[in-house]
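Okay, here's what each chain looks like letter by letter:
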Amino acid sequence: MIQFLVDKIHDAHFMTMLLSAIAASATAYTLVMPLLAGDGLAKRMKAVASERERIRQRERDRLNQAEKVSLRQTPKQLVSRVVEDFNLGKWLAQEAARDKLIMAGYRGHAPYVTFLFFRLVTPIVMFAGAILYVFVIAHMQKSFPIKIGICIGAAYLGLQAPMLFLKNAIAKRQLSIKRAFPDALDLLLICVESGMSIEAAFRKVSTEIASQSVALSEEFTLCTAELSYLQDRKMAYENLAKRTGLEGVKSVCLALQQSERYGTPLGQSLRVMAQENRDMRMNEAEKKAAALPPKLTVPMILFFLPVLFVVILGPTYIKITMMQ
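Residues numbered from 1 in each chain as written. Predicted model: local features only at pLDDT ≥ 70, side-chain atom pairs only at ≥ 80, totals over all residues. Heavy atoms only, no water.

(A) Region of interest: empty space enclosed by the protein. All told, the structure shown has one cavity of 30 Å³ or more when counted by the stated rule. When its volume is computed, the largest cavity comes out at roughly 40 Å³. For the largest cavity, the full set of lining residues is Phe181, Leu185, Leu188, Phe202, Phe220, Leu240, Val252, Cys253 and Leu256. Counting only elements with at least two residues in the lining of the largest cavity, the list comes to α8 (144–193) and α12 (247–262). (1 Å grid on protein atoms, 1.4 Å probe; cavity = no way out; pocket = protein on both sides within 12 Å on 5 of 7 lines; lining within 4 Å. Points joined across faces, edges and corners; volume = space filled by probe spheres on them. Helix = DSSP H or I, 4+ residues; strand = E, 2+ residues; numbered from the N terminus.)

The structure is reproduced here in structure tokens:
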């Protein structure tokens, strides 16, 4: 059975058919999934509401000097047992990982425990898989140190895989927030100039901007909850800037802090920052458009030019062949 699998893996014709089938299935899946995907907005907003209730309960318990509030989520039993038995909180704990999990939208203790679990399990799985492939399946004709180096490299990739996943999730979330943030500032400016308080303005904008960016709606909702229940309102703005990790959001939070402290007018600052964030969004779009021609060079050379040569030289070759 193993020899049959090895032969199939090294069969170029079979692997070409398999990869083609996977590519066709992935294309069909990509086209069909947007039609079948449900609306996750209600679920995400329910999670945000749960987070708001957690903040409220935490502040009440702190004021009453009661015991700490229970966590919003509990990790799975197997994951929690592995983390506790191996004491991963001591050996693999990273404050940067906690911050990145929050920036990626994973809040609470359960995502952090899951992250530590995968930081342990993924390198082991990758290392075992590499050993199985190198020494059992492929029978690579390489020296023993090279084989060990390949296995160690696979384990290192497994160690970095959770961090790469987090970075990818953070990039997607920040992109969603960055695209919707100028429009959210315009809405916030309208609400503030109409006489709303900053809490009511954040609450209203979080509702209106949800159709454009669920992530930004979550952050504004959490900021509203923290403004309502934290003693120091400055911490709410600092937490908002920390959760997003965007310079535009940090600038707005700094302006809001100065307005809270010194009583400076907020309308003009919001108007200027909304225009700046809109200009930044346009500059990034222009930068991507300017980088498109160099990126198209390699695909044109690999795909367009051979077809062009076939179209131009094909008839000539056919005529020469017929004349002979």
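(B) Fine view of the packing of aromatic side chains. In this structure the tally under the stated criterion is three aromatic pairs. Summarising the aromatic geometry, the rings of Phe117 and Phe118 are spaced 5.5 Å apart at their centres and angled 80° between planes, so their arrangement reads as edge-to-face. A residue is classified by how much of its surface remains accessible, and Phe118, at 40% relative accessible area, is partly exposed. Summarising the aromatic geometry, the rings of Phe202 and Phe220 are spaced 5.0 Å apart at their centres and angled 85° between planes, so their arrangement reads as edge-to-face. On the criterion of sequence distance, the pair formed by Phe202 in helix α9 (residues 198–208) and Phe220 in helix α10 (residues 214–229) is long-range, its members being 18 residues apart. For the pair shown, Phe202 and Phe220 are each scored as buried. (Phe/Tyr/Trp six-rings, centres within 6.5 Å; stacked < 30°, edge-to-face > 60°. Buried < 20%, exposed > 50% of the residue type's maximum accessible area, 1.4 Å probe, protein only.)

(C) Just the side chain of Thr224, in detail. With respect to the helices and strands, Thr224 occurs in helix α10. With sequence-adjacent residues up to four places away left out, Thr224 is seen in contact with Glu199, Phe202 and Arg203. (Contact = heavy atoms within 4.5 Å.)

(D) Summary view of the pattern of salt bridges. With the rule as written, the count across this model stands at 15 salt bridges. The shortest N-O distance in the salt bridge between Arg107 and Glu218 comes to 3.8 Å. With a gap of 111 residues between them, Arg107 in the loop between α6 (95–103) and α7 (109–137) and Glu218 in helix α10 connect regions that are remote in the sequence. Like Glu218, Arg107 is buried. Notably, a salt bridge pairs Arg243 with Glu219, separated by 2.5 Å at the nearest N-O pair. Of this pair, Arg243 sits in helix α11 (residues 233–244) while Glu219 is found in helix α10, placing the two residues 24 residues apart along the sequence. Among the ionic contacts, a cluster of salt bridges with common partners joins Arg107, Arg173, Glu218, Glu219, Glu226 and Arg243. (Salt bridge = Lys/Arg side-chain N within 4 Å of Asp/Glu carboxyl O.)

(E) Spatial organisation of the packing of α10 against α11. Closest axis-to-axis distance for the α10/α11 pair is 8 Å, and the angle between their directions is 160°. As summarised for this structure, α10 and α11 are arranged roughly antiparallel, according to the angle between their axes. The interaxial crossing formed by α10 with α11 has right-handed handedness. For the pair α10 and α11, the contacting residues are Glu219, Phe220, Leu222, Cys223, Glu226 and Leu227 in the first and Arg233, Met235, Ala236, Tyr237, Asn239, Leu240, Arg243 and Thr244 in the second. For the contact of α10 with α11, a count of residues per class yields eight nonpolar, two polar and four charged. (Axes fitted to C-alpha atoms, helices over the stretch in contact; angles between N-to-C directions. Parallel < 35°, antiparallel > 145°, perpendicular 65-115°, else oblique. Left-handed = near helix turned anticlockwise from the far one by under 90°. Nonpolar A, V, L, I, M, F, W, Y, C, P; charged D, E, K, R; others polar.)

(F) Representation of the nonpolar core within the structure. Among the nonpolar cores identified, the biggest contains 34 residues, and Ile198 and Phe202 are the most heavily contacted of them. When residues in this core are grouped by element, the largest group, nine residues, is from α8. Discounting chain neighbours no more than four positions away, the residues touching Phe202 are Leu188, Phe220, Cys223, Thr224, Leu227, Tyr237, Leu240 and Leu256. Grouped together as the second largest cluster of nonpolar side chains are eleven residues, Leu101, Met103, Ala169 and Ile170 included. (Core = buried A, V, L, I, M, F, W, Y, C linked by side-chain atoms within 4.5 Å.)

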